[in-house]
Amino acid sequence: MKKDDCIFCRIANGEIPSNTVYEDEDFRCILDLSPAAKGHTLVIPKEHFQDALNADDEVLSKIFKVAAKVGEGMKKALNADGINIVQNNGEAAGQTVPHLHVHVIPRYNGDEKMVTWTQHESDSEEQKRIAEKIAAMI
Ligand code: AMP
Ligand code: ZN
């Protein structure tokens, strides 16, 4: 289903023009309006899902393949040395557009770090408890 008031539904379904780098029956891949690097692409399903945690299995199984295909094209077209594939779920995780999408970002040796986090030491007992807590909910 698509939502009339959702900008990514409208872009993915071609109601709003975009710089499309790839399209198939289920997805449109467009250049990000505010790119982290030249060529930064968004893989957007044509069907509306709020995020990956609310998407159906078929879309989830396809979206990463499409992202990899775009990444491959990007490496050849832009001579990228590496590719970040990033996906945010929920405002707390940095999601600003509530329609599932995957970022594909070309990276170059020595460029500024983009996708990073602060690493902390871990306690083995606590790790064990956390793993068990999550495992019990899956
Ligand atoms: P996220 O923060 O993961 O939800 O990513 C949303 C991305 O969509 C951001 O990188 C925005 O720059 C991008 N964006 C928002 N509106 C548009 C638009 N109309 N066309 C292309 N990209 C957009
Ligand atoms: Zn939508």
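Residues numbered from 1 in each chain as written. Chains lettered and ligands numbered in written order. Predicted model: local features only at pLDDT ≥ 70, side-chain atom pairs only at ≥ 80, totals over all residues. Heavy atoms only, no water.

K.L.:
I keep staring at the nonpolar core and nothing clicks. Help me out?
P.N.:
If you look at soluble globular proteins, the nonpolar side chains tend to sit buried side by side. Core analysis: the biggest nonpolar cluster contains 15 residues, and Val 43, Leu 100 and Val 104 have the highest contact counts within it. Contributions of two or more residues to this core are made by strand E2 (27–31), helix H2 (57–78) and strand E5 (102–107). The leading source of residues in this core is H2, at six residues. Core analysis: the next-biggest nonpolar cluster, separate from the first, contains nine residues, Cys 6, Cys 9, Ala 12 and Ile 30 among them. (Core = buried A, V, L, I, M, F, W, Y, C linked by side-chain atoms within 4.5 Å. Buried < 20%, exposed > 50% of the residue type's maximum accessible area, 1.4 Å probe, protein only. Helix = DSSP H or I, 4+ residues; strand = E, 2+ residues; numbered from the N terminus.)

K.L.:
So what exactly am I meant to see when it comes to the pairing of strand E1 (residues 20–23) here?
P.N.:
Side-chain direction in a regular strand flips from residue to residue, so the side chains alternate between the two faces of the sheet. Pairing between E1 and E2: three bridges, direction antiparallel. Across the sheet, the residue bridging to Thr 20 is Ile 30, located in E2. Remark: three residues form the turn of the hairpin made by E1 and E2, two consecutive strands paired antiparallel. (Pairing = 2+ DSSP bridges.)

K.L.:
Explanation requested: the site of ligand 1 in the structure shown.
P.N.:
Lining the immediate environment of ligand 1, one finds 16 residues, of which Asp 32, Asn 88, Gly 94, Thr 96 and His 103 sit closest. Within the contact set of ligand 1, a nitrogen atom lies 3.1 Å away from a backbone nitrogen or oxygen of Leu 33. Thr 96 places a main-chain nitrogen or oxygen 2.7 Å from an oxygen atom of ligand 1. Out of a free accessible area of 510 Å², ligand 1 has 81% covered by protein chains. Among the secondary structure elements, those contributing two or more residues to the shell around ligand 1 are helix H1 (7–12) and E2. Considering each element in turn, the shell around ligand 1 owes the most residues, three residues, to H1. Split into classes, the residues belonging to the shell around ligand 1 amount to eight nonpolar, seven polar and one charged. (Near = heavy atom within 4 Å. Polar contact = N/O pair within 3.5 Å; in protein donor to acceptor, adjacent residues only side chain to side chain. Areas by Shrake-Rupley, 256 points an atom, 1.4 Å probe, with all protein chains shown as cover. Nonpolar A, V, L, I, M, F, W, Y, C, P; charged D, E, K, R; others polar.)

By themselves, these are just geometric observations and shouldn't be taken as functional.
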